[in-house]
Every structure is written in C-alpha cells, then in structure tokens.
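Structure at a glance
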Amino acid sequence: MSVEDRLRAAARARTDVVTSVRPLELPGELPAPVRRNRRTSRWFSWGAPIAAAAVVTALALTLALLRQADGTQPRPSVSTSDSAAAASIPRYYVELAYTGSTSSQMKAIVGDDRNGRLIADLHPTASQNFYGVTAAADDRTFVVMNYDNLNPQTTWYLLRIAPYTAHPARLTKLPIKPVFAHVSGLALSPDGRELAVMWRTATTQTNAVSWLAVYSMSSGAKLATWVTYGDNENLIGGPNEAGLSWVNGDRGLDFRWATPPRVSKSGKVVTPGKLTIRAVDVTAGPHDLLADSRVVMQFPRSVTQQKTRTFVTPCASSLAARNGSVVCGTVAASWVSGEEGCRYVQPSFLSYSAAAGKVLYRYQGNCLNGQSEVLWTDPSGSHAIAFLLLAFKGVKASAGDKFGVVGGGRLTPLPALIVPSGAVDSAGSIAF
Amino acid sequence: MQARRAAFAGPGDPVPLDARQHVSALYQEHALPLVKLAILMTGEQETAEDVVQDAFLALYRRWPSLRDTGSAVGYLRSTVLNGCRMIHRVRHRRQGVVLDPPAPAESAEAEAMICEAHREVLAALRQLPPRQREAVVLRYHLDMTEQQAAEAMGVSRGTVKSATSRGIAALARMLKEEEH
C-alpha cells in the first residue's frame, strides 16, 4: 500500500470516529464597528477620560451645593418589597425554543431580563436537540440537557456564561454517563457542584421503574441513586415535570410524586389519585426512592365543583424553595366548553410551608381557563418567577400570557424578558 | 406578549436574524467536516472543536461586511487552517520550557477504534511541519486539487506541489523507520 493510501485510510479511520460536534455558541450582539479615523481615535485615547472626569466633578459639585442649599440630606429612594424582590431575581436566564415554526428541534437562548438583550443564541447541530435546562444560584452556571436523535440518548452540557464579553457563552460536555430514557426531573444544586436527574424507564404500562440520581459535576461520577418500581403519572411530562428542587442547604431534594386513581372493573374510583411532594435526604444511605423519602405535602389531584361546573388542580406545577416551602401554580377551568371558569375559580400561585399556605398572586378577572407555571422561586418561597397562561373567550390564547414576579398579591411583569417564537415556558424549559 | 417581543428588537441592536440563521445553517452543514480537518491538523478533538467554533464566531462577526457570502465556506476553511497553525505555534513555544511534553491525547473511543497501523501514520502526520501537513491532508484526505488546496492555504500552486511532495517523502521515511 502506498503512503498516500495509508494516509487516506488512517485519516478516514480517525475522522469516522467523530459523528457529532458541540453546538455553536453565538453572542447576541455584534461589536460596534470600529472607527478608523486617526484623529478621532487619538482624541478618544486621552480626551474622553478628561471630559468624563470633568462631568463627574461638575455633577459632584452641583450635588454638594444643592445639599448645602436646603440644609437636608438627600433621602434615599424608598424601596418597596416588590422592587427589592425584583432586584434579587436572577438577571440572566436560559430559555429553550423551537428553531423554526415547523421544526421539532430546540435551541437555547441566553438573555438578560433587565434590558431585553440577547446574550447568546445556541444552536444544536442537526442531530441534536436541547430539551431541558437548569441553573445554579450564581446567575452564571447552567446545565443544558441534550437529546441525540441519531444516537438516542440524553447527555448534558455545562453552560457557563460571561455576558458582554467576547465569548459570552461556553458549552462543555459533562462527563456524565448518558441516560437512555425520558428525563422528567432536572436540578443543578445552587452551588453548582451536583446535578440531580430523575427519569423513568418502562416498556409496558405496569413495569415502570423510576430513578433519581445525583451526579458530581466535576467528575461525572454517580454519587447516589434511588430507584422504585411502579407507576408514577407525573413522570412522563416536561423536563422538570417532577419539580425536582434542592432544599435544606443542598442536603435534600424535593420532588413531585403523583399516583393514579385506583379504578374498579366497573369503572368506579376505589382510591382517588393524589399528588404528594416528597423529600429525600441525599446524604443518607441507599436507596429506595419511596421508602427513603417522606411526604412533606399532599394535594388532591383535582377538585371539582358540580354547582359551578368548574375544576381546580391545586398544585399543577411546583418548585420547592431552599427553605423547604413549596410554591404551587394552579389550573382553573370550566369543564363546559366556552364557559368562563375564572368567574368561579381563579388561577393562582400559592406558597405552602408546613404550617400554612400563603397566596402570592391570584388572577382576578374573567377567563375561560388559566394555567400557572412556577419557573423559579427565591430561597424563602415568598416570591417566584411565574408564567400565567390565560385563555379568553373569542381571543387567541397567547393574548393572555403573563410573565412576571409573583409575591405580595401582585404580579410584576418582566417586560424585558425575551420570549422567542416557539418558546416552551415550563419548568425545565427556562432556567433562572 | 407584544411588549416582550418588542423588547427583543429594542436597544442594543441584536444581530440581524439572517446573519444568525446563515451562520447557524453553515455550521450545521460544515462544522463536522471542518472539525475532522482540524483533528487531523491538531490531533485533538477538543482543540479542533475550539478552532472551528472560533472560525464560525469570526465569520459571524464579519458577516455584515462580507461582500461575497458564497465564499463563506472557503473563508471558514482558511480560518480553521490558520487557527490550527496558531495552535502549533503555541505548542512549539511551550515545548521550549516543558521538558517532556505529553503527546496529543486521542479520546478513549478513538484510541479503541484506530488500529496500530493507522496510529503510526497519524503520529507521523503530526510530526510534519504545518504547511506540509496541511498540503497532504487537503490533497489526500479532502481530495482537493492543487489549485483548491492553494486557495485554502493562501499560497501558490507551486508551493502546494512542493509541500505535498516533501510531506509524502517525509511520511514515507518516518513510516519506513517505524517498520525497521
């Protein structure tokens, strides 16, 4: 074999191993065009700082004179609890959205909720598909979940952002072993050191196996695993349908566990279905998911009111705050088509502690039905970032979208939040 | 909803969508072959992916001033080759202070799938000077003509011819030495 042929064969053997590349990371904005005017740039090199210093000095002198003139100290602006809450919400977020109106592929955008700027737009390669995201508490660290269509498995990427720099986002594949199942719970610990993942494997309706695992972000090692056999209804939904959340100083995990109703052969409900919020201590020993976790809250799956022909799902979506309180979003609707359910039952967000529930916000007004998604909660569970989807009679559903911070009975909109076309806006599809 | 969408087009002038879409579409189509090219040049997949990402980022930044968007692929290939040369220069400088530099690491998967004979060829390829390596990879891996390789490398056709010839001769010599 000639050297050329050996070279061809070796190059092909080496490159055939590579079947995918990591997604492209593009910044949100192009840098301003550089002016090449010599005189201007020279002036800017020393003139601009002097001018800026002069302006600052003049401003300081003016303020000092004004203070002396009326003899009083300038009063700080009064900060309301809402503005304080708004100031403490994370500034940067990652949101998943379909790449096109007819595409089933999802990309990720990084945005700034203070000014509406797009920090980065992350496009997966043709065979890849982002379908979940979670955030640490530092407002810079995220984990993006990726599904490979060619080689069906779920893998994870660390997404580190550095807003307004030359490289605003960097994706690095995590050394975590791929999962070959539908993931329905995803939570990065607030310190960014551990990733909790919940998934279910099933080949029939009755042989489901549910898993919860905690991985080291640095080594990819599986630090703990819990498993349980049996059906769990809510583990078949969105990327964090399970409401997986870190609590108790990163030592515990809360998750939703829904059991279906038991129905007799005649169709009569023997035992109603129920939703529980369960807590597991990640520092304790092994590892049966149900035996090792305790129920911290329990909700009825749905409450119907025959008289008004309405129903409420009290905790349709939820996340646990770091202090253990649980923020729930409700679904409220009429079961009669076209009838305005919100006249009798209002979609709302409530924060539950072990002692009592507290209304963070309740929508007041008419609507056909309302759906509430909890997307983020502060450590105390007194404020949450939420998405309220209201459907009005004769109006397209999107007209009722409300995105904002709920707390103190109010919903404070986040007008600068980018909602790209095709965004999913559910827990696990947007992370703060 | 409209207010939120308006914020998208607000101050800060986000990149026009067509630039983003064009570059993303180019990435989907050409990223993998470019990464493969960069792997042969650098020997490492992670470095290769970094080089390719930087090339697409550079293209994205230059997109508004790009006169002929049809030449984007050629621009990308040249940028990738430049990036690989830069990697080589950095390594060369580091080798001055590191007594025993580790060999470029192949991934475990690549290690397992590449047989010993191929590994020898790839190791020999990595020892070629960058220009010779580029020439033989473009000519014999990408099956480019001398003219196409010259355009990608930014050199004359004669330079490609001589670099290819010297590269193949050097490879033959190194592989013969391995056999003995």
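Not measured: the values here are computed from a predicted model.

Secondary structure summary: chain B contains nine helices and zero strands in total. In chain B, the order of α-helices and β-strands from amino to carboxyl end is α-α-α-α-α-α-α-α-α. Burial status across chain B gives 33% buried among its 180 residues. The contacts of chain B with a sequence gap of at least 6 include a subset with a gap of at least 24, amounting to 66%.

Where a protein is soluble and globular, its nonpolar side chains tend to be buried together. Residues A:V143, A:V144 and B:A38 are the most contacted members of the largest nonpolar core, which totals 154 residues. Per-domain counts for this core show at least three residues from each of domain 1 (15-104) and domain 2 (114-180) of chain B.

What follows concerns the pairing of strand β7 (residues 153-161) of chain A. Residue and element names in this part refer to chain A. Strand direction decides the pairing type here: strand β6 (residues 141-148) and β7, joined by eight bridges, are antiparallel. Residue pairing in the sheet places Y147 in a bridge with T154 of β7. Pairing between β7 and strand β8 (residues 169-173): five bridges, direction antiparallel. Within β8, the position partnered with L159 by the bridge is L171.

Residue and element names in this part refer to chain A. One open sheet accounts for four strands, arranged β9-β10-β11-β12; its pairing is antiparallel. Only two strands of the sheet have a single neighbouring strand rather than two, namely β9 (182-188) and β12 (222-229). Within the sheet, the average angular offset between the axes of one strand and its neighbour, ignoring direction, is 15°. In the sheet, strand β10 (residues 194-201) pairs with strand β11 (residues 209-216) via eight bridges, with the strands oriented antiparallel. Residue pairing in the sheet places W199 in a bridge with W211 of β11.

Next up on the list: helix α3 (residues 45-62) of chain B. Taking 1.5 Å per residue as the helical rise, α3(B) with its 18 residues ought to reach 26 Å, and the 26 Å between its terminal C-alpha atoms agrees with that figure. Among the residues making up α3(B), those that are buried are B:Q45, B:A48, B:E49, B:V51, B:V52, B:Q53, B:A55, B:F56, B:L59 and B:Y60.

Bringing the packing of helix α1 (residues 3-16) of chain A against helix α6 (residues 116-127) of chain B into the picture now. With their axes 9 Å apart at the nearest point, α1(A) and α6(B) run at an angle of 100° to one another. Here α1(A) is positioned roughly perpendicular relative to α6(B), judged by the angle of their axes. Between α1(A) and α6(B), the contacting residues are A:R6, A:L7, A:A9, A:A10, A:A13 and A:R14 on the first element and B:H118, B:V121 and B:L122 on the second. Split into classes, the residues belonging to the contact of α1(A) with α6(B) amount to six nonpolar, one polar and two charged.

Quick look at the confidence of the model for chain B now. Residues and elements named next belong to chain B. Considering every residue of chain B, the mean pLDDT works out to 74; 73% of them sit at 70 or more. Considering only residues more than four positions removed or in separate chains, one finds that residues 1-15, a stretch of pLDDT under 50, has 30 contacts. This model gives residues 92-111 a pLDDT under 50, and the stretch forms 11 contacts once residues within four places in sequence are excluded. Here the complex is predicted with pTM 0.62, and the ipTM for its interfaces comes to 0.77.

The next point concerns the packing of α1(A) against helix α7 (residues 130-140) of chain B. Where α1(A) meets α7(B), the axes come as close as 10 Å, and the angle between the chain directions of the two elements is 85°. One element, α1(A), and the other, α7(B), form an angle in the roughly perpendicular class. Two secondary-structure elements touch here, α1(A) through A:E4, A:L7, A:R8 and A:A11 and α7(B) through B:V136, B:V137 and B:Y140. Split by residue class, the contact of α1(A) with α7(B) holds five nonpolar, no polar and two charged.

Residues and elements named next belong to chain A. Taken in spatial order, the five strands make up an open sheet running β1-β4-β3-β2-β28, and their pairing is antiparallel. Two strands bound the open sheet, and with one partner strand each, they are β1 (24-27) and β28 (430-431). Here seven bridges tie strand β2 (residues 92-98) to strand β3 (residues 106-112), and the two strands are oriented antiparallel to one another. Each residue of the ladder has a partner; that of L96, found in β3, is A108.

A separate point is unusual backbone geometry. Residues and elements named next belong to chain A. Unusually for a residue other than glycine, D139 sits at a positive phi of about 65°. Following the sequence through the fold, D139 ends up in the loop between β5 (128-135) and β6. For D139, a count of 15 C-beta atoms within 10 Å gives the class partly exposed. Of note in this structure, R309 is not a glycine but carries a positive phi near 55°. Its location among the elements puts R309 in the loop between β19 (303-305) and β20 (310-320).

Reading fine detail from the predicted coordinates is not recommended where pLDDT is low. All names here are of chain A. Per-residue confidence for chain A averages 80 on the pLDDT scale, and 81% of its residues sit at or above 70. Of all helices and strands in chain A, the one with the weakest mean pLDDT is helix α2 (residues 38-70) (43), whereas strand β13 (residues 245-247) scores best (96). Within the model, the stretch residues 33-46 combines pLDDT values under 50 with two contacts to residues more than four positions away or in other chains. Taken together, the stretch residues 55-81 has pLDDT below 50 and engages in four contacts with residues farther than four places along the chain or on a different chain.

Right, let's get into the environment of A:S382. Residues and elements named next belong to chain A. The topology assignment puts S382 in the loop between β24 (369-377) and β25 (384-391). When the 19 C-beta atoms within 10 Å are taken as the criterion, S382 is described as partly exposed. Ignoring any residue separated from it by four or fewer positions in sequence, one finds S382 in contact with S351 and G407.

Reading the values: rules and limits
- Residues numbered from 1 in each chain as written.
- Chains lettered and ligands numbered in written order.
- Predicted model: local features only at pLDDT ≥ 70, side-chain atom pairs only at ≥ 80, totals over all residues.
- Helix = DSSP H or I, 4+ residues; strand = E, 2+ residues; numbered from the N terminus.
- Buried ≥ 20, exposed ≤ 12 C-beta atoms within 10 Å, placed from the backbone.
- Contact = placed C-beta atoms within 7 Å.
- Core = buried A, V, L, I, M, F, W, Y, C linked by C-beta atoms within 7 Å.
- Domains from an automatic or database assignment.
- Pairing = 2+ DSSP bridges.
- Axes fitted to C-alpha atoms, helices over the stretch in contact; angles between N-to-C directions.
- Expected span 1.5 Å × (residues − 1).
- Parallel < 35°, antiparallel > 145°, perpendicular 65-115°, else oblique.
- Nonpolar A, V, L, I, M, F, W, Y, C, P; charged D, E, K, R; others polar.
- pLDDT = per-residue confidence, 0-100.

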